[in-house]
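Structure at a glance
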Amino acid sequence: AVVSTQSTGVTSELKWEKIRSHVHHIHWPDGKYIVLLAKGGLANHSCTSVPSFVISVTATTHALGLIELFIAPPSRYKQDVYLMPKKLDEYVASLHLTVFNAHITELTREQAGFIGKSRTGPFKTQHYRY
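From a predicted model like this one, the values you see are computed outputs, not experimental measurements.

The helix and strand tally for the chain stands at 4 helices and 4 strands. Shown N-terminal to C-terminal, the secondary structure of the chain runs as helices and strands in the order β-β-β-β-α-α-α-α. Expressed as a percentage of the 130 residues in the chain, the buried residues total 18%. Long-range pairs, those at least 24 residues apart, make up 29% of the contacts in the chain with a sequence separation of at least 6. On the chain, roughly 10300 Å² of surface is accessible, and the fraction owed to carbon and sulfur atoms is 60%.

Right, here's the structure in full:
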């Protein structure tokens, strides 16, 4: 469908053609056109099929990992590949619980004893990998 751009404040000589979500062709009267992704926004976020929730979790994990590397004493990490500490991973998850209208409560002593974990976590087993 060709859509006039008069309502967008762009010159009426241009015609917008929606190709699919976040992909448009903008046509000039002389037949030339450009492909516009995400209407000029962040294409890497707008044009992906990855849900924004997943992007948020990933970005939060990345940011907190970088903060940890920045504030850690130089001797803590050598040049190597490390797994995200389970406590930090669970903290990122807790920050995103409001999306599901959920919250975490602290384990009772009985619950913590039953699963053999601290009342405040981390709760994942040592062999757990993401």
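Structure's up, so let's keep going.
The set of residues buried in helix α3 (residues 86-95) consists of K86, L88, D89, E90 and V92. Elements in contact with the buried residues of α3: α2 (52-71).

Our next topic: the confidence of the model for the chain. For the chain, per-residue confidence averages 82 on the pLDDT scale, and residues scoring 70 or more make up 83% of the total. Here strand β1 (residues 2-4) stands out as the element of the chain with the lowest mean pLDDT, 47, in contrast to helix α4 (residues 109-115), whose mean of 93 is the highest. Note that residues 1-7 has pLDDT below 50 and, in this model, 14 contacts with residues that lie over four places away or in other chains.

A separate point is unusual backbone geometry. In this structure, P122 follows G121 across a cis peptide bond, with omega equal to 5 degrees. Within the secondary structure layout, P122 lies in the segment after α4. Phi at N101 takes a positive value of approximately 55 degrees, unusual for a residue other than glycine.

Examined bridge by bridge, strand β3 (residues 23-27) and strand β4 (residues 33-37) share 5 bridges and lie antiparallel to one another. Bridging from a neighbouring strand, H25 pairs with V35 of β4. Here β3 folds back onto β4, and the loop between the two strands holds 5 residues, one of which, G31, carries a positive phi near 95 degrees.

What counts, and at which threshold
- Residues numbered from 1 in each chain as written.
- Predicted model: local features only at pLDDT ≥ 70, side-chain atom pairs only at ≥ 80, totals over all residues.
- Heavy atoms only, no water.
- Helix = DSSP H or I, 4+ residues; strand = E, 2+ residues; numbered from the N terminus.
- Buried < 20%, exposed > 50% of the residue type's maximum accessible area, 1.4 Å probe, protein only.
- Contact = heavy atoms within 4.5 Å.
- Areas by Shrake-Rupley, 256 points an atom, 1.4 Å probe, with all protein chains shown as cover.
- pLDDT = per-residue confidence, 0-100.
- Pairing = 2+ DSSP bridges.

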